Amino acid sequence: MSGKNPDDPLATNLARWEEQVDIHIGSDFYRVKEFKAGETSLDPLILTEIGDVKAKRLLHLQCHFGLDTLSFARMGADVTGLDFSPKAIVAARQLARETGLAARFVEARVDEAAEKAGTGYDIVFSSWGVLMWLPDLEVWARNIATCLKPGGLFYIAEGHPLLWTLDDEGTKITENLRIVRSYFLEGPQRWENARDYAEPSVTLTHFNSSEWQHTLGEVVTALAGAGLRIEFLHEHDRLVWQAVPGLESKGDYFQVPADAPSIPLSYSIRAQKA
Ligand SMILES: C[S@@+](CC[C@H](N)C(=O)[O-])C[C@H]1O[C@@H](n2cnc3c(N)ncnc32)[C@H](O)[C@@H]1O
């Protein structure tokens, strides 16, 4: 675990994530009831881009309470989910039992992935709201490369780093499509935000977080530096959460309304270990 030092940014983040697990399980955002009834939690972008997962050994980094991991299990993958939150791992195992899906869940930080989740995976997967929690993308990418077998694939869908720069104080999208923060900020950014993204009616007790504003260049360079060959880097005009007020809900995604200038809201990368 990340230690007991209250100044440790990962310990601060862990306390926040521990509090969020039960809130998220009960939220409309995560649609656990629909998942239990047989729906997938994976959105169409991921399902289209990741490729065939059937009978593949798949490692899901930062799996939260396991919804996406178990959705891959339903598609026939041999899944392992990894997350540093003990509560999330307990909840994921419980969800696996309730749904009768075979899965392994490992409590570990991303920088311990290779050591604790092992190697020889066909696919390493991660998505939506993950990289800002990681201090060091070189360590992240090295762990991915070590976990993958030769020829194995890494896939990620993630919020676009441009989102960090936008205003989020306005109520209309035209007020929020303004750059108010630097794209290039080093080190952890300390935030105080008691609002839960999945359940905005809740006020979080653990409202502090430390987040890293990695640029798109850093992400790609870290993967390439770890020996992964980038197959594609796609930028998208849609995102699965309402990152700034004024984005319109359209099916599975949020988008900039048609009468405002479009910007990339997310990206996806697929890369192969040589
Ligand atoms: C927003 S969730 C992303 C997963 C998925 N998109 C979802 O919404 O269920 C982020 C997850 O990252 C985990 N996490 C944050 N920092 C981590 C770290 N250093 N190592 C492992 N897990 C971490 C949190 O516990 C949380 O479950």
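First things first, this report covers the structure right here in the doc. (Residues numbered from 1 in each chain as written. Predicted model: local features only at pLDDT ≥ 70, side-chain atom pairs only at ≥ 80, totals over all residues.)

Before going further, it helps to spend a moment on the overall build of the chain. Secondary structure assignment for the chain yields 9 helices and 12 strands. Taking 19 Å as the expected radius of gyration for a compact globule of 274 residues, we find that the chain reaches 18 Å, a close match to that expectation. Taking the principal axes of its C-alpha atoms as reference, the chain extends roughly 45 × 40 × 40 Å. Counting across all 274 residues of the chain, residues that qualify as buried make up 36%. (Helix = DSSP H or I, 4+ residues; strand = E, 2+ residues; numbered from the N terminus. Rg over C-alpha atoms; globule rule 2.2 N^0.38 Å. Buried ≥ 20, exposed ≤ 12 C-beta atoms within 10 Å, placed from the backbone.)

If you look at soluble globular proteins, the nonpolar side chains tend to sit buried side by side. Counting residues in each nonpolar core, the largest one holds 60 residues, and the members touching the most others are L58, A92, V124, I144, F154 and L223. For L58, the contacting residues outside a window of four places in its chain are V53, F72, A77, D78, V79, Y121, D122, I123 and F125. L239, L247, Y253 and L265 belong to the second-largest nonpolar core, a separate cluster that totals 6 residues. (Core = buried A, V, L, I, M, F, W, Y, C linked by C-beta atoms within 7 Å. Contact = placed C-beta atoms within 7 Å.)

Before going further, it helps to spend a moment on the sheet that holds strand β9 (residues 238–239). In a beta sheet, neighbouring strands are held together by backbone hydrogen bonds and run either parallel or antiparallel to one another. With respect to topology, 3 strands assemble into an open sheet ordered β9-β11-β10, the strand pairing being antiparallel. Edge positions in the open sheet fall to β9 and β10 (248–250), since each of these has one partner strand only. Taken together, the 2 bridges between β9 and strand β11 (residues 253–255) define a ladder with antiparallel strand orientation. Counterpart to R238 in the pairing with β11 is Q255. (Pairing = 2+ DSSP bridges.)

Turning to the site of the ligand, a few remarks are in order. What surrounds the ligand is a group of 17 residues, the closest being Q62, H64, F84, G129 and W133. For the shell around the ligand, the element with the most residues is helix α1 (residues 9–25), which contributes 3 residues. Classifying every residue of the shell around the ligand gives 9 nonpolar, 6 polar and 2 charged. (Near = placed C-beta within 6 Å. Nonpolar A, V, L, I, M, F, W, Y, C, P; charged D, E, K, R; others polar.)

For the rest of this paragraph, the subject is α1. Helix length check: α1 (17 residues) gives 25 Å between terminal C-alpha atoms against 24 Å at 1.5 Å per residue, within 8%. Residue E19 marks the point of greatest curvature in α1, where the axis turns by about 25 degrees. Every buried residue of α1 is accounted for by P9, L10, N13, L14, R16, W17, Q20, V21 and H24. Packing partners of the buried residues in α1 comprise α5 (86–99), β6 (188–192) and β7 (208–212). (Expected span 1.5 Å × (residues − 1). Bend = angle between axes of the 7 residues up to and from the residue.)

The next subject is the packing of α1 against α5. The axes of two packed helices give the description: the angle between them and the distance between them. Relative orientation of the contacting elements α1 and α5 amounts to 30 degrees, with a least axis distance of 7 Å. Judged by the angle between their axes, α1 and α5 are roughly parallel. Packed against α1, whose contacting residues are W17, E18, V21 and I25, the element α5 presents K87, A88 and A91 at the interface. Here the residues of the contact of α1 with α5 are counted per class, giving 5 nonpolar, no polar and 2 charged. (Axes fitted to C-alpha atoms, helices over the stretch in contact; angles between N-to-C directions. Parallel < 35°, antiparallel > 145°, perpendicular 65-115°, else oblique.)

Below, the discussion takes up the pairing of strand β12 (residues 266–273). Buried residues dominate β12, accounting for 6 of its 8 residues. Bridge count for strand β5 (residues 148–159) against β12 is 7 bridges, and the pairing is antiparallel. Paired with Y155 across the two strands is R270, which belongs to β12. When strand β8 (residues 228–236) meets β12, the two strands line up antiparallel, connected through 8 bridges. Across the sheet, L228 pairs through a bridge with K273, a residue of β12.

The 7 strands lie next to each other as β3-β2-β1-β4-β5-β12-β8, forming an open sheet whose pairing is mixed. Each having just a single partner strand, β3 (104–107) and β8 make up the two edges of the open sheet. Mean inter-strand twist for the sheet, computed between neighbouring axes without regard to direction, equals 15 degrees. Here 4 bridges tie strand β2 (residues 78–83) to β3, and the two strands are oriented parallel to one another. By the bridge assignment for β3, D83 is matched with E107. Sheet strands in contact with α5 are β2 and β3, and its direction is about 170 degrees off that of β3.

One non-glycine residue, A55, lies in the positive phi region at around 65 degrees. You will see that H64, though not glycine, has its phi angle at about 55 degrees, which is positive. By the secondary structure assignment, H64 is in the loop between β1 (57–61) and α4 (67–74).

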